[in-house]
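Observations on chain architecture
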Amino acid sequence: MPKRKFRDAWLHDEGFREWIRKVDDDDSKAYCAVCECTMVTEITTIKRHQTCRRHTRALAQRAAPADQPPPGVRDDDVTRAEIKLAAFLADYNISINTIDHLTLLLKDIFPDSAIAAKLSLKRTKATRILHDISQIAQEQLHISMRDNTFCIIIDETTDISTCKSCAVVVKLFNQVSGKI
Ligand SMILES: [Zn+2]
């Protein structure tokens, strides 16, 4: 019986090319790169391997790794998204409690987003982020006020629950943005 040899055509075959490899120095064997196993170079054996459960499962897993965000998502991108989300709440005076639900909503409506998949932003972290941002904003305001002339608007009031409030507004020219 003639010894069967590895056929180069298999390397381009629609059903095989994804996983079939040559074995160095032994053309009577074929290697499966997915299952990491060798088999004899007989078409029935190769076809049987192609449809065996272990192989199809390994191949499917490789195509879509379970619960693993696709590679290429940097932690910096996730952090940036979390900071922007927290800042958005502060910017539009939205309750910080909504962030627990907003994070889940984003994961739900953007299932194809690797960044959304890695978001882990809840009240505690969002509060911490806003605290840190506010410190930097205050420092920048101090610097601007020290270097520029400014005017102050003060108004006080007592609300219906007799809680006293005093609002202080500073108006100045920001040299960086070129705006009042
Ligand atoms: Zn295989």
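These lines cover the structure that appears in this document, whether it is placed above or below. What you see is a predicted model, and the numbers here were worked out from it, not measured in a lab.

Scoring rules and cut-offs
Every chain is numbered on its own, with residues counted from 1 as its sequence reads. In view of the model being predicted, local features appear only for residues whose pLDDT reaches at least 70, and side-chain atom pairs are presented and counted only at 80 or more, with totals across whole chains, interfaces and linings using the full set of residues. As a rule here, side-chain values cover all heavy atoms of the structure and leave hydrogens and water aside. Note on definitions: salt bridges are taken to be side-chain nitrogens of Lys or Arg within 4 Å of carboxyl oxygens of Asp or Glu. Here the term buried applies to any residue with accessible area under 20% of the maximum for its type, exposed to any over 50%, and partly exposed to those in between, with areas from a 1.4 Å probe on protein chains only. Axis definition: a line fitted to C-alpha atoms, over the contacting stretch in the case of helices. Angles run 0 to 180 degrees between N-to-C directions. Strands are runs of DSSP state E lasting at least 2 residues, helices are runs of H or I lasting at least 4, and numbering of each runs from the N terminus. Each angle is binned into one of four classes, with values under 35 degrees roughly parallel, values over 145 roughly antiparallel, values of 65 to 115 roughly perpendicular, and all other values oblique. Contact criterion: two residues are considered in contact whenever any of their non-hydrogen atoms come within 4.5 Å of each other. Amino acids outside the nonpolar list (Ala, Val, Leu, Ile, Met, Phe, Trp, Tyr, Cys, Pro) and the charged list (Asp, Glu, Lys, Arg) are all regarded as polar, and Gly is one of them. Metal-coordinating donors are taken as N, O and S atoms lying within 2.8 Å of the metal, or within 3.2 Å when the metal is Na, K or Ca; because water is left out, some sites can appear incomplete. Tetrahedral means four donors with every angle between 85 and 135 degrees, whereas square planar (four donors) and octahedral (six donors) require angles over 155 degrees between opposite donors and between 65 and 115 for all others; sites fitting neither are termed irregular. Strand pairing is assigned whenever DSSP detects at least two bridges linking the two strands.

So, about the pattern of salt bridges. As enumerated under the stated definition, the model contains nine salt bridges in all. When the shortest N-O distance is used, the salt bridge between R17 and E14 registers 3.6 Å. A residue is classified by how much of its surface remains accessible, and E14, at 64% relative accessible area, is exposed.

This part takes up the packing of helix α1 (residues 43-51) against helix α2 (residues 53-63). Closest axis-to-axis distance for the α1/α2 pair is 5 Å, and the angle between their directions is 55 degrees. It follows that α1 is oblique to α2 by the angle criterion. Within the contact between the two elements, α1 uses H49, Q50 and T51 and α2 uses R53, H55 and T56. Class assignment of the residues belonging to the contact of α1 with α2 gives a composition of no nonpolar, five polar and one charged.

The coordination sphere of the zinc ion, as far as protein atoms go, consists of C32 (SG), C35 (SG), H49 (NE2) and H55 (ND1), spread over 1.9 to 2.3 Å. The coordination sphere of the zinc ion comprises four donor atoms, whose angles at the metal cover 103 to 115 degrees; the geometry is tetrahedral. Sequence positions of the residues that donate to the zinc ion give the spacing C-x2-C-x13-H-x5-H. By relative accessible area, H49 is classed as buried at 11%.

If you trace the backbone, H49 turns up in helix α1. When sequence neighbours within four positions are dropped, the list of residues in contact with H49 reads W19, C32, C35, C37, M39 and H55.

Overall, antiparallel pairing links the three strands, which are arranged β1-β2-β3 in an open sheet. With one partner strand each, in any of the chains shown, β1 (20-22) and β3 (37-40) form the two edges of the open sheet. In this sheet, neighbouring strand axes are inclined to one another by 40 degrees on average, regardless of whether the strands run parallel or antiparallel. In the sheet, β1 pairs with strand β2 (residues 29-32) via three bridges, with the strands oriented antiparallel. Within β2, the residue paired with R21 across the bridge is Y31.

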